[in-house]
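In case you want the letters, here they are:
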Amino acid sequence: MIARFLDSPLGRLAVQFGKFGAVGLVGLLVDTAALYAGLAVGLEFFAARIPSFFAAATATWILNRAFTFKGAADEPLYRQWAKFIAANAIGGVVNYGVSVGLEAGVDVVAAHPFLAVAAGSIAGMFFNFAASKHLVFKGA
């Protein structure tokens, strides 16, 4: 029964979403590390979130290309990266808005910025999966 489900279109989509989520966890680690690096050099939280997002987005593009959406239509790397960043920009705005809003308004989150990054990542994940699958990695 499980094998039959995994072989169905919904099952394949669920597996792909699971892979996307696993890649997202790696992106969360990259995002968090870059955020703390920015904070360590004196950037304010809202400013440190910008390079941390781009670091995470680049890492997840690389991993999604190789792992989640393997077999997608091939195109030049620079073009696909730019499409990935553009397609995920709305999810990035959601991610950024949730993280900055929580950091500014919730004391426990301000004390533990990782919580803001995690909440922002989850908020943007669903949109980013759909955008990545249908706009960037077509055919996978």
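In the block above lies the structure referred to throughout.
Now for a description of the structure that goes with this document.

The rules behind each value
- Residues numbered from 1 in each chain as written.
- Predicted model: local features only at pLDDT ≥ 70, side-chain atom pairs only at ≥ 80, totals over all residues.
- Heavy atoms only, no water.
- Helix = DSSP H or I, 4+ residues; strand = E, 2+ residues; numbered from the N terminus.
- Contact = heavy atoms within 4.5 Å.
- Expected span 1.5 Å × (residues − 1).
- Buried < 20%, exposed > 50% of the residue type's maximum accessible area, 1.4 Å probe, protein only.
- Arc of directions from axis to C-beta.

What follows deals with the environment of A56. Inspection of the secondary structure puts A56 in helix α3 (residues 45-68). Residues A56 and M125, 69 residues apart in the sequence, show an inter-C-alpha distance of 12 Å. Once you skip the residues sitting within four places of it in the chain, A56 turns out to touch G27, V30 and D31.

What follows deals with helix α5 (residues 89-105). Taking 1.5 Å of rise per residue, 17 residues should cover 24 Å, and α5 covers 24 Å from first to last C-alpha, within 8% of that figure. Along α5, the positions that sit buried rather than exposed are G91, G92, N95 and S99. For α5, the angular spread of the buried residues around the axis is 105°, confining them to a single face. For α5, the exposed residues lying more than 90 degrees away from the buried face are I90, V93, A104 and G105. Where α5 is buried, its residues contact α2 (9-40), α3 and α7 (113-136).

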